[in-house]
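Here are the chains, one letter per residue:
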Amino acid sequence: MSAPVEIRRLSTPQDLFQAAAEELIRAATDAVGQRGRFTIALSGGSTPRNLFTLIAANASTSLSWPHVFFFWGDERHVPPTDAESNYRMAEETILSKVPVPPANIFRIPAENPDAPAAAQSYEQTLRKFFAPAQGEFPRFDLILLGMGPDGHTASLFPETEALHEQSRLVVANWVEKLHTYRITLTLPVLNAARRVAFLVSGSDKAAVLHEVLEGKAPGEQYPSKLVRPSEGKLIWFIDRGAASQLSASA
Ligand code: 6PG
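Here's what I pulled together on the structure shown here. Note that residues are indexed from 1 along each chain, following the sequence as it is written. Owing to the predicted nature of the model, reporting of local features is limited to residues with pLDDT of at least 70; listing and counting of side-chain atom pairs is limited to 80 or more, with chain, interface and lining totals taken over all residues. Side-chain figures throughout are based on the complete set of non-hydrogen atoms in the structure, without hydrogens or water.

1. Quick notes on the packing of helix α1 (residues 13-35) against helix α2 (residues 47-59)
Here comes step 1: Only C-alpha atoms enter the line fits that serve as axes; for helices the fit covers just the stretch in contact. Angles between N-to-C directions range over 0 to 180 degrees. Secondary structure counts use DSSP, requiring at least four H or I residues in a row for a helix and at least two E residues in a row for a strand, with both numbered from the N terminus. The N-to-C vectors of α1 and α2 enclose an angle of 55°; their axes lie 9 Å apart at closest approach. Between α1 and α2, the angle is such that the two are oblique. In this structure, α1 meets α2 at a crossing whose hand is right-handed. Across the interface between the two elements, Gln14, Phe17, Gln18, Ala20, Ala21, Leu24 and Ile25 from α1 touch Thr47, Asn50, Leu51, Leu54, Ile55, Asn58 and Ala59 from α2.
Here comes step 2: The classification used treats Ala, Val, Leu, Ile, Met, Phe, Trp, Tyr, Cys and Pro as nonpolar, Asp, Glu, Lys and Arg as charged, and all other residues, Gly among them, as polar. Split into classes, the residues belonging to the contact of α1 with α2 amount to 9 nonpolar, 5 polar and no charged. Comment on the angle field: the value is read as roughly parallel under 35 degrees, roughly antiparallel over 145, roughly perpendicular from 65 to 115, and oblique elsewhere. Crossing chirality is assigned from the near helix's rotation relative to the far helix, an anticlockwise turn below a right angle marking it left-handed and a clockwise turn marking it right-handed. Whether two residues touch is decided by their heavy atoms; if any such pair falls within 4.5 Å, the residues are in contact.

2. A short note on the pattern of salt bridges
Here comes step 1: Salt bridges are identified by distance alone: a Lys or Arg side-chain nitrogen within 4 Å of an Asp or Glu carboxyl oxygen. Tallied over the entire structure, the rule returns 16 salt bridges.
Here comes step 2: Glu23 serves as the salt-bridge partner of Arg8, at 3.0 Å between the closest nitrogen and oxygen. Remark: Glu23 occurs in helix α1 and Arg8 occurs in strand β1 (residues 5-9); sequence separation between them is 15 residues.
Here comes step 3: Here the residues in one salt-bridge network are Glu6, Arg8, Glu23, Arg26, Asp30, Arg195 and Lys233, joined through shared partners.

3. Some details on the pairing of strand β3 (residues 68-72)
Here comes step 1: Exposure classes here rest on a 1.4 Å probe applied to the protein chains alone. A residue is buried below 20% of its type maximum, exposed above 50%, and partly exposed in between. Among the 5 residues of β3, 5 are classified as buried, and the element is accordingly described as predominantly covered.
Here comes step 2: By the alternation rule, side chains of β3 split into Val68, Phe70 and Trp72 and Phe69 and Phe71, which are all buried.
Here comes step 3: Looking at chain direction, strand β2 (residues 38-42) and β3 are connected through 5 bridges and run parallel. Along β3, the bridge assignment pairs Ala41 with Phe71. Strands were regarded as paired on the criterion that DSSP finds at least two bridges between them.

4. A look at the sheet that holds β1
Here comes step 1: One open sheet accounts for 6 strands, arranged β1-β9-β8-β5-β2-β3; its pairing is parallel. Both edges of this open sheet fall to β1 and β3, since each of them pairs with a single strand only. Sheet twist, expressed as the mean angle between neighbouring strand axes with direction ignored, is 20°.
Here comes step 2: Where β1 and strand β9 (residues 233-238) come together, 5 bridges link them in parallel fashion. Within β9, the position partnered with Arg8 by the bridge is Phe237.
Here comes step 3: Across the sheet, helix α3 (residues 86-95) is in contact with β2 and β3; its angle to β3 comes to roughly 150°.

Quick look at the structure:
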């Protein structure tokens, strides 16, 4: 039975990043205290930049970095040095600024020109690290997600093949409108997480956020709707702009 969805409305983008940073630090402290480690899958795009910067500034001493393990929810099909790389953005904003051991950073090998092979390799990395039982999925302590203006999340885009994957952990998803592969965790992995946090900022996301949280359209059209952790917490961090087309009760 899925836990109830938590929608945290914040006024400004800065308030959103502050609230998300506090949640991340809470999740990390709980996880390390209970299981001796904190596993997080980072989102990409532009929204998380400010969150990562805030964490690096505030938590460089307060988190037990040797017990923090970084993964990615998705990656563009580019080398880690590319301006489009989600890894590069995280490296610039947080990984280069906190004392996390390099061995704790598990980058998606998206420089491989064979995208399906890169996905397969990352799947092996996850299976080796989490050692899930047969038929089980890795349980990340926290998965950060963004939502695109078309309702996609990670690299699960509307009407794409990856939305239907029920057994693989990681796939190379061909995104026709971008004319490129993206490498992404699959929905079973997102929905196995202990905690999923969406960060959605700005009025350009308002119409789609209304569709995702209150609309009746199928999840294939708005894949963010398909993220509902079966035994985990789902929190939406949204600012005033993103919330502007939600009903008062949402
Ligand atoms: C990516 C992300 C993607 C992102 C959304 C929102 O690789 O781009 O993982 O899912 O979270 O597109 O991006 P913005 O935060 O930049 O709007």
